[in-house]
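# Architecture and fold: a report
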Amino acid sequence: MQNQTSSGDGESAVRYAFRVHKEDGEPVRRILDEFDVIDHSCKPFADDVYLYLPLLRYPEKEERLEIRDRLMHLILQLPHPTEKMQYHSWYVKDLSFKTHTKVPTVSDLLGFSPAYEIIGDIAVLDDKSESDKSESDKSESDKNKPDNIYPADVSEIAAAILKAHSAVKTVLLSKGPISGEFRTRDLEFLAGVNKTETVHKEYGCKYKVDLARAYFTPRLSTERRRIVEQIKKGDTVIDMFAGVGPYSIFIAKQAAPTLVIANDKNEAAVELLNENIALNKVTNIEALNEDAAVLSEKYAGAGDHVIMNLPHNACDFLDTAVSLCKAGGVIHYYAMTSDDDLFDGSVELIRSAAEKQGRGITVLERRNVRSYAPHQYNICLDVKIL
């Protein structure tokens, strides 16, 4: 263990540091964050060449090796790779860091933790409506509760969110579940700047979104990265329900496919998709505003990967998805399923669609992506079409 000062707000603390070239700071920070080794109570600092990231502890040997492996593909693309490959010199002992003045969290201010997500500089508060439960899922006590079950008024919660998150400029209330053909939400303005447009940053990409006109969630960021890691240079990717482009643009920018065909039926989403293509300076995307069912008329057999992120009714488009896959192509199929049949029913739907076209399947991976509602889960199946 390294020595450290007894520090209060605004004082200093002695920590191990991870030393990295300044231009590499953001991607390295994200990877270190996944290992829970960055000390966020301290402020990073830089000299003329390096950025120093404060660590909670010196990582164990296995962690150091895994961090090295995660960073190696990045290191080899950057200037002075020989120097950067000396990973033992990344760790510097006993550096003094300034500590942050503690900012109260939302739960500190309220005494409980409301459910909300931050998209760009907009916070969207879940109204805790029980409307997405079936009557059979509700207990008798549930049925007698009001829709809003927070122990505080939503205006008080909005004020706490603005105070705790200095970068948040707007707080909206999501009134009920995402619904409709274009998966939009009924939003109510609560506090800050009255707007629904923002720019969200994720893994080095920027996405202009309008939450009132097109679907977007940051909760799938890890899932998007998982898909990106499967794409190979030269692949053709077909994103059947692309929205504003969080899968398509990330893939085009990071994985070097030959072409990403990004389609959405929502005209507003495609307008934003085209803005985001320009914003991220990617040229290997073709943006389409079509009904996904007609994509096979032009792109049959073209896809190395076909993304079906329309979890409530992607099953209606499986015939098209199968026809879009070349032999050995992979469908990434998202669905909402219940806990008594997480995967098997969806696998059979895909198998049936493939058999109708004289094709077989191999299930590569089954993933429970996240809980969606009581007894309901957002799942993903990666399925090779033979």
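As a starting point, this report considers the structure included with it. One numbering rule holds for all chains: residues counted from 1, following each sequence as written. The model is predicted, so local features are restricted to residues of pLDDT at least 70 and side-chain atom pairs to those at 80 or more, both for listing and for counting; the totals for chains, interfaces and linings are taken over all residues. Side-chain figures throughout are based on the complete set of non-hydrogen atoms in the structure, without hydrogens or water.

Once that is clear, we can look at the packing of aromatic side chains. The relation between two aromatic rings is expressed through the spacing of the ring centres and the mutual angle of the planes. Only centres within 6.5 Å qualify two rings of Phe, Tyr or Trp (six-membered ring in Trp) as a pair; their planes then separate them into stacked at under 30 degrees, edge-to-face at over 60, and tilted for everything else. Taken as a whole and assessed by the stated rule, the structure comprises 11 aromatic pairs. With a centroid separation of 6.0 Å and an interplanar angle of 40°, the aromatic rings of tyrosine 207 and phenylalanine 216 are classed as tilted. In this scheme, a residue with accessible area under 20% of its type's maximum is buried, one over 50% is exposed, and one in between is partly exposed, where area comes from a 1.4 Å probe on protein chains only. Exposure remark for tyrosine 207: the relative accessible area of 0% places this residue in the buried category. In this analysis the charged atom, NZ for Lys or CZ for Arg, is taken to sit over a ring once it is within 6 Å of the ring centre and within 35 degrees of the ring normal. Just above the ring of tyrosine 50 sits the side chain of arginine 19; from NZ or CZ to the centre is 4.0 Å. We note arginine 224 situated over the ring of tyrosine 247; from NZ or CZ to the ring centre the distance is 5.8 Å.

Running from N to C, helix 7 (residues 221–228) and helix 8 (residues 246–254) point in directions that differ by 45°, and their axes come no closer than 10 Å. As the angle between them shows, helix 7 and helix 8 are arranged oblique. Seen along the crossing, helix 7 lies across helix 8 with a hand that is right-handed. Along the contact surface, helix 7 presents Glu223, Arg224, Arg225, Ile227 and Val228, while helix 8 presents Pro246, Tyr247, Phe250, Ile251 and Gln254. Within the contact of helix 7 with helix 8, the residues separate by chemical class into 6 nonpolar, 1 polar and 3 charged. Angles run from 0 to 180 degrees between N-to-C directions of axes, and those axes are lines fitted to C-alpha atoms, restricted for helices to the stretch in contact. Only DSSP runs of H or I with at least four residues qualify as helices, and only runs of E with at least two residues qualify as strands; both kinds are numbered from the N terminus onward. Working rule for angles: under 35 degrees goes down as roughly parallel, over 145 as roughly antiparallel, 65 to 115 as roughly perpendicular, anything else as oblique. A clockwise turn of the near helix away from the far one marks a right-handed crossing, whereas an anticlockwise turn of less than a right angle marks a left-handed crossing. When checking whether two residues touch, look at their non-hydrogen atoms; a contact exists if any pair is within 4.5 Å. Basically, the charged four are Asp, Glu, Lys and Arg, the nonpolar ten are Ala, Val, Leu, Ile, Met, Phe, Trp, Tyr, Cys and Pro, and anything else, Gly included, counts as polar.

Of all 5 residues that make up strand 7 (residues 170–174), 5 are buried, and the element is covered over most of its length. Where burial is concerned, the two faces of strand 7 agree: the one with Thr170, Leu172 and Ser174 and the one with Val171 and Leu173 are both buried. Only strands joined by at least two bridges in the DSSP assignment are considered to pair. Examined bridge by bridge, strand 7 and strand 8 (residues 187–192) share 5 bridges and lie antiparallel to one another. Residue pairing in the sheet places leucine 172 in a bridge with phenylalanine 189 of strand 8.

As a further point, take the sheet that holds strand 13 (residues 285–288). Strand pairing within a sheet occurs via backbone hydrogen bonds; the two strands may be parallel or antiparallel. Pairing within the open sheet is mixed, and its 7 strands lie in the order 13-12-11-14-15-17-16. Because the sheet does not close on itself, it has two edges, and the strands there are strand 13 and strand 16 (361–373). Here the strands of the sheet are splayed against their neighbours by 15° on average, with no regard to which way each runs. Sheet topology note: the strand 12 (residues 259–263)/strand 13 ladder contains 4 bridges and is parallel. Along strand 13, the bridge assignment pairs valine 260 with isoleucine 285. Taken strand by strand, helix 8 contacts strand 11 (236–239), strand 12, strand 13, strand 14 (303–308) and strand 15 (325–338), and its axis lies near 170° from that of strand 12. Helix-sheet contacts for helix 9 (residues 267–279) involve strand 12 and strand 13, and the interaxial angle to strand 13 is about 160°.

Our focus in this paragraph is the nonpolar core. Here, nonpolar core means buried Ala, Val, Leu, Ile, Met, Phe, Trp, Tyr and Cys residues that are tied together by side-chain atoms lying within 4.5 Å of each other. By size, the foremost hydrophobic cluster in this structure holds 36 residues, and its most contacted members are Tyr207, Val209, Leu211, Ile249, Ile251, Ile285 and Ile307. At the level of secondary structure, the elements contributing two or more residues to this core comprise strand 6 (122–126), strand 10 (205–210), helix 7, helix 8, strand 12 and helix 9. Element by element, the count of residues in this core is highest for helix 8, at 5 residues. Beyond its immediate stretch of four places on either side in the chain, isoleucine 249 contacts Cys205, Tyr207, Val244, Leu273, Asn276, Ile277, Asn280, Val282 and Ile285. Of all hydrophobic cores here, the second largest spans 31 residues; its members include Phe343, Ala354, Leu381 and Val383.

Coordinates in, geometry out; function isn't part of it.
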